[in-house]
Amino acid sequence: MGTEPALRDELRELRLRSVRADRGGVHFEGSLTDGMRACFHSRVAQRILLELAAFDAPNEAALYEGVRSVTWAEHLSTKTSFAVRASSKKSALTHTQFLAQLVKDAVVDQFREEQGQRPDVSRDDPDVLLSLHLAQNQATLYLDLAGDALFARGYRTRHDGAPLKETLAAALVRMSGWDQQSPFIDPMCGSGTVVIEAALLASAVAPGLMKKQKFGFQRWASFGASEAAALQSIRERASEAHEKKKGALPRIVGRDVAASAIEVTRENAGRAGVTLELVQADIAVAIPEGAWTMVVNPPYGDRMSLTPKLLSSFGAMVERNSNPKKGGEGSSSVLCGTPELLEAIPSRPSKLVRIMNGDIECRFASYGERKPA
Ligand SMILES: C[S@@+](CC[C@H](N)C(=O)[O-])C[C@H]1O[C@@H](n2cnc3c(N)ncnc32)[C@H](O)[C@@H]1O
């Protein structure tokens, strides 16, 4: 996806052990409390998964036996409902719905044989979410700790245009190398995801502090008094960290040419509890002087919107902000889904990373002084 190094660094800052990144994921070791901390604090992770078993699964029988080799009573009970998500890459078994069904059958058969009863399946609101990843015929089974994708922080009930996932926006802020002290701007802010994530980071609002629903692990049969106390202590420490930082925010500015975008950003920021400077302005209007960290995600896909005027204003804006020869004192980080936008910037990027925004392959290009992470 391209954001793995950002997640790796974030998890290391959380002092998790043996953190390492590979294509498509970041791994760490630790206790359930460590997993809870990761769910509570990570801004970048989509999901936090606990590995239960890994085995070869070139065919249905091997997959069924592999799933049966796990002692499911340690993770599920006849009183907890469950669901299975499955994915498959470069493997003989490809049909993900069928794979999920096969895992479910193996779990249920084990319960029936050992206890004469079985847990219910709830596709929409399971107590326990299992995950099967099949890659090159190698199966890995996981418990999903958060029980839900972590990007839905809850503040973005309205959006304008094509918003980034909150987790991707947080990764971009991190990858921009922002020091959380210099002024920050997104001049094409859309629904405000980037500027809101920047403000949440700078004021140390952990995503877990905003979460209204329970985490998945809170619904596990194994979640007892000591786990609840551990979660409470994670929450208290996070609140203390926020109290210490909340008063001292730098300028965080969101601009957009569309009045509707500014209105939606204002509402979303209000729900997130952060204060931003919001201005309706075209990118042709110069931003105030200063050493700004700019993170911007211009429109893409629709070639009609990439007019020569927009391309030249865009290139000039990035140059003015981050090319010292043009008086630029800041840094600019640009997430683009179309090459024309990067071609419109005369300077060469100091760093260029391939990032997947959902199904859209993008480039994240950094310009100017600040050394990106
Ligand atoms: C892809 S969206 C940004 C989405 C945003 N990152 C988010 O997560 O919500 C691009 C935004 O650029 C804005 N835009 C397009 N042309 C503009 C211009 N000339 N000046 C300022 N904003 C512009 C659009 O109104 C739109 O909100």
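Everything discussed here concerns the structure shown above.
Throughout what follows, the structure given in this document is the object of discussion.

About the criteria used
Residues numbered from 1 in each chain as written. Predicted model: local features only at pLDDT ≥ 70, side-chain atom pairs only at ≥ 80, totals over all residues. Heavy atoms only, no water. Helix = DSSP H or I, 4+ residues; strand = E, 2+ residues; numbered from the N terminus. Buried < 20%, exposed > 50% of the residue type's maximum accessible area, 1.4 Å probe, protein only. Contact = heavy atoms within 4.5 Å. Near = heavy atom within 4 Å. Polar contact = N/O pair within 3.5 Å; in protein donor to acceptor, adjacent residues only side chain to side chain. Areas by Shrake-Rupley, 256 points an atom, 1.4 Å probe, with all protein chains shown as cover. Core = buried A, V, L, I, M, F, W, Y, C linked by side-chain atoms within 4.5 Å. Phe/Tyr/Trp six-rings, centres within 6.5 Å; stacked < 30°, edge-to-face > 60°. Lys NZ or Arg CZ within 6 Å of the ring centre and 35° of its normal. Axes fitted to C-alpha atoms, helices over the stretch in contact; angles between N-to-C directions. Parallel < 35°, antiparallel > 145°, perpendicular 65-115°, else oblique. Left-handed = near helix turned anticlockwise from the far one by under 90°. Nonpolar A, V, L, I, M, F, W, Y, C, P; charged D, E, K, R; others polar. Pairing = 2+ DSSP bridges.

## Re the environment of Phe314
Okay, so step 1: Topologically, Phe314 is positioned in helix α10 (residues 308–322).
Okay, so step 2: The exposure class of Phe314 is buried, given its relative accessible area of 0%.
Okay, so step 3: Those residues within four positions of Phe314 in sequence are excluded, and the remaining contacts are Met188, Ile283, Val296, Pro298, Val334, Leu341 and Ile345.

## So, the site of the ligand
Okay, so step 1: As a structural note, the neighbourhood of the ligand is formed by 20 residues, with Leu164, Ser191, Thr193, Asp256 and Asn297 the closest of them.
Okay, so step 2: A distance of 2.8 Å separates an oxygen atom of the ligand from a polar backbone atom of Ser191.
Okay, so step 3: Coverage of the ligand by the protein chains reaches 89% of its 600 Å² of free accessible surface.

## Points about the side chain of Asn268
Okay, so step 1: Tracing the sequence through the fold places Asn268 in helix α9 (residues 259–272).
Okay, so step 2: Looking at Asn268, its side chain comes within polar contact range of the side chain of Arg271, at 2.8 Å.
Okay, so step 3: Here Asn268 is in contact with Tyr155, Arg156, Thr157, Arg158, Ser191 and Ile196, once residues within four sequence places are set aside.

## Some remarks on the nonpolar core
Okay, so step 1: Core analysis: the biggest nonpolar cluster contains 86 residues, and Leu63, Val67, Trp72, Val107, Phe184, Phe217 and Leu276 have the highest contact counts within it.
Okay, so step 2: Considering each element in turn, this core owes the most residues, 8 residues, to helix α4 (residues 96–115).
Okay, so step 3: Sequence-distant contacts of Phe184, that is, excluding residues within four places in its chain, are made with Val173, Trp178, Val194, Val195, Ala198, Arg251, Ile252, Val253, Trp292, Thr293 and Val295.
Okay, so step 4: By size, the runner-up hydrophobic cluster in this structure holds 21 residues, among which are Val253, Val334, Leu341 and Ile345.

## Overview of unusual backbone geometry
Okay, so step 1: The phi dihedral of Arg15 falls on the positive side, at around 60°, and the residue is not glycine.
Okay, so step 2: In this fold, Arg15 is placed in the loop between α1 (4–13) and β1 (17–22).
Okay, so step 3: The phi torsion at Ser18 lies on the positive side, around 50°, for a residue other than glycine.
Okay, so step 4: Looking at the secondary structure, you find Ser18 in strand β1.

## Details of the packing of aromatic side chains
Okay, so step 1: Scanning the entire structure with this criterion turns up 4 aromatic pairs.
Okay, so step 2: Geometrically, the ring pair formed by Phe40 and Phe215 is tilted, given 6.2 Å between the ring centres and 45° between the ring planes. In this pair, Phe40 sits in helix α2 (residues 32–41) while Phe215 sits in the loop between α7 (207–210) and α8 (225–245), placing the two residues 175 residues apart along the sequence. In this structure, Phe40 and Phe215 share a single accessibility class: buried.
Okay, so step 3: Considering the side-chain rings of Trp178 and Phe184, the 4.8 Å spacing of their centres and the 55° angle between planes classify their relative orientation as tilted. Each member of the pair Trp178 and Phe184 is classed as buried.
Okay, so step 4: Its end group placed over the ring of Phe151, Lys165 keeps NZ or CZ at 4.8 Å from the ring centre.
Okay, so step 5: Positioned above the aromatic ring of Phe215 is the side chain of Lys211, whose terminal nitrogen or guanidinium carbon lies 5.1 Å from the ring centre.

## Comments concerning the packing of helix α5 (residues 166–175) against helix α6 (residues 193–202)
Okay, so step 1: Contact geometry of α5 with α6 gives a least axis separation of 8 Å together with a crossing angle of 65°. The orientation of α5 with respect to α6, classified from their angle, is roughly perpendicular. The handedness of the crossing between α5 and α6 is right-handed. Residues Glu166, Ala169, Ala170 and Val173 of α5 lie in contact with α6, whose contacting residues are Thr193, Val194, Glu197, Ala198 and Leu201.
Okay, so step 2: Among the residues making up the contact of α5 with α6, the classes are represented as 6 nonpolar, 1 polar and 2 charged.

## What to know about the sheet that holds strand β3 (residues 49–56)
Okay, so step 1: Read from one edge to the other, the open sheet built from 4 strands follows the order β3-β6-β5-β4, with strand pairing classed as mixed. Across the chains shown, the open sheet's two edge strands, defined by having one partner strand only, are β3 and β4 (82–89). Averaged over all pairs of adjacent strands, the angle between their axes in this sheet comes to 20°, without regard to strand direction.
Okay, so step 2: Bridge count between β3 and strand β6 (residues 138–144): 7 bridges; the pairing is antiparallel. The partner of Asp56 across the bridge, within β6, is Gln138.
Okay, so step 3: Contacts between helix α3 (residues 60–68) and the sheet are confined to β3, β5 (128–135) and β6, with β3 contributing the most and set at about 135° to the helix.
Okay, so step 4: In the packing of α4 onto the sheet, contacts are made with β4, β5 and β6, and the angle to β4 comes to roughly 135°.

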